[in-house]
Amino acid sequence: MTKIPQPAQYLLRVDDLCPTVHERRWRRLAAIIREFGIHPILAVVPDNQDSELRNSPPDPAFWAQMRAMQAAGAAIAIHGYRHQCVQRGKSMLPFHSHTEFSGRPAEEQRQMLRMGLEMLRAEGLNPRLWVAPRHGFDSNTLAALREEGIGYLSDGMALRPFLREGVVWIPQQIWSPVERKKGLWTICLHPGATTRPVAEDLRAFLSRNAAHFTSFDRVVKDYEAHEMSANERIYEAAVMGRLRLRRSVKKLVRQWQA
Ligand SMILES: [Zn+2]
């Protein structure tokens, strides 16, 4: 069984990429990725219809940029289909009540996934893994991924990749760069939220830790994923419980302040 890495390793994941990505903030983030020569996971929305991700006029060079970054070692992830999170359904990771995929019938999910994959491939991209909008996916999503030959996803609370329902989960646990002692940590950033202080924070972190960044390809080679051990399940339940509690408290505070 693959050991938990020590010192810690990091993966950078950039979500919500589409032609209308916030131009200035994404340019800033892409420059840092280039500067440190890291190989991120780029989570691309095949056919964005989410108005929240329309932050700049469509960039005609967007797809060429994705191809160039893929050629430089980035891994392309399929980030949903249209990023319209209007479906109510129970997700395997219970962070949000409305997501794009969870709760839809199996055939519909497979259809959405297939169309998304076709669109990315038509742009010359090779999607290697799944990144769910709002962490929303269920057993039907995983079945669709298996049927479409996508054997990896980025999500879940663990310190190393694990296998669940026939798909390898590469854990994604943090939303800003934080130093850790051991384990494989995926830092998820959203280009629309990468303000100057967020970018500077990432640059400072990379100045200290760039050598500890890995890539999707290396993770695939380095780890043999197994079902979680009993201890890992306890760890997962504890972290999920804490995250859920934190989200409920935030929601309550928002309601009181409204
Ligand atoms: Zn998203």
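Since we're looking at a predicted model, the values are computed, not measured. Throughout this description, residue numbers start from 1 for each chain and increase along the sequence as written. Whole-chain, interface and lining totals are the exception, using all residues; otherwise, since this is a predicted model, local features are given only for residues with pLDDT of at least 70 and side-chain atom pairs are given and counted only at 80 or more. By convention in this description, side-chain values take in all heavy atoms of the structure and omit both hydrogens and water.

**Student:** With reference to specific residues and values, describe the environment of Y223.
**Tutor:** In this text, helices come from DSSP runs of H or I with a minimum length of four residues, and strands from runs of E with a minimum of two, each type numbered from the N-terminal end. For Y223, the location among the structural elements is in the loop between α6 (216–222) and α7 (230–257). Exposure classes here rest on a 1.4 Å probe applied to the protein chains alone. A residue is buried below 20% of its type maximum, exposed above 50%, and partly exposed in between. Overall, the relative accessible area of 11% leaves Y223 in the buried class. Separated by 189 residues in the primary sequence, Y223 and R34 place their C-alpha atoms 26 Å from one another. It only takes one pair of heavy atoms within 4.5 Å for two residues to be counted as in contact. In contact with Y223, not counting residues within four places along its chain, are T2, K3, P5, Q9, R160, P161 and L184.

**Student:** Would you mind going over the domain arrangement of the protein chain in detail, with residue names and values included?
**Tutor:** An automatic or database domain assignment supplies the start and end points of every domain. Parsing the protein chain into structural domains produces domain 1 (9–227) and domain 2 (230–258). Its C-alpha centre places domain 1 at a distance of 22 Å from the equivalent point of domain 2. Listed by partner, the interface residues are 12 residues for domain 1 and nine residues for domain 2. With both sides pooled, the region where domain 1 packs onto domain 2 buries about 1100 Å², and carbon together with sulfur makes up 57% of that total. Only one rule defines a salt bridge in this text: a Lys or Arg side-chain nitrogen within 4 Å of an Asp or Glu carboxyl oxygen. E236 is the salt-bridge partner of R164, the closest N and O atoms lying 2.9 Å from each other. The buried area of a pairing is the accessible area, by a 1.4 Å probe, that goes missing from both parts when the two are put together, added over both.

**Student:** A description of the coordination of the zinc ion should follow, citing residues and the corresponding values.
**Tutor:** The zinc ion binds to the protein through D16 (OD), H79 (NE2) and H83 (NE2), with metal-donor distances spanning 2.0 to 2.1 Å. Metal donors were taken as nitrogen, oxygen and sulfur atoms no farther than 2.8 Å from the ion, or 3.2 Å where the ion is Na, K or Ca. Water is excluded, so coordination may look unfinished. Sequence spacing among the residues donating to the zinc ion works out to D-x62-H-x3-H. Like H79, the residue H83 is buried in the burial classification.

**Student:** So what about the pattern of salt bridges? Which residues, and what values?
**Tutor:** Counting across every chain of the model gives 15 salt bridges. Of the charged contacts in the structure, one is a salt bridge between R110 and E148, with a shortest N-O distance of 2.9 Å. Taken together, the residues span a long stretch of sequence, with R110 in helix α3 (residues 106–122) and E148 in the loop between α4 (139–147) and β7 (152–154) at a distance of 38 residues. With relative accessibility at 17%, the residue E148 sits in the buried group. Between R160 and E232 there is a salt bridge; the shortest N-O distance is 2.8 Å. Residue R160 is located in the loop between β7 and β8 (162–164), and its partner E232 is located in helix α7; the two are separated by 72 residues in the primary sequence. Taking the relative accessible area as the measure of exposure, R160 reaches 11% and is therefore buried.

**Student:** I'd love a proper account of the nonpolar core, names of residues and values included.
**Tutor:** As used here, the term nonpolar core means buried Ala, Val, Leu, Ile, Met, Phe, Trp, Tyr and Cys residues forming a set that is joined through side-chain atoms within 4.5 Å. The biggest cluster of nonpolar side chains holds 57 residues, and the ones touching the most others in it are L12, L17, W26, L42, V44, M66 and W130. Counting contributing residues, this core receives three or more from each of domain 1 (9–227) and domain 2 (230–258). Sequence-distant contacts of M66, defined by excluding residues within four places in its chain, comprise L17, W26, L42, V44, I76 and L125. Of all hydrophobic cores here, the second largest spans 12 residues; its members include L11, I170, L184 and F216.

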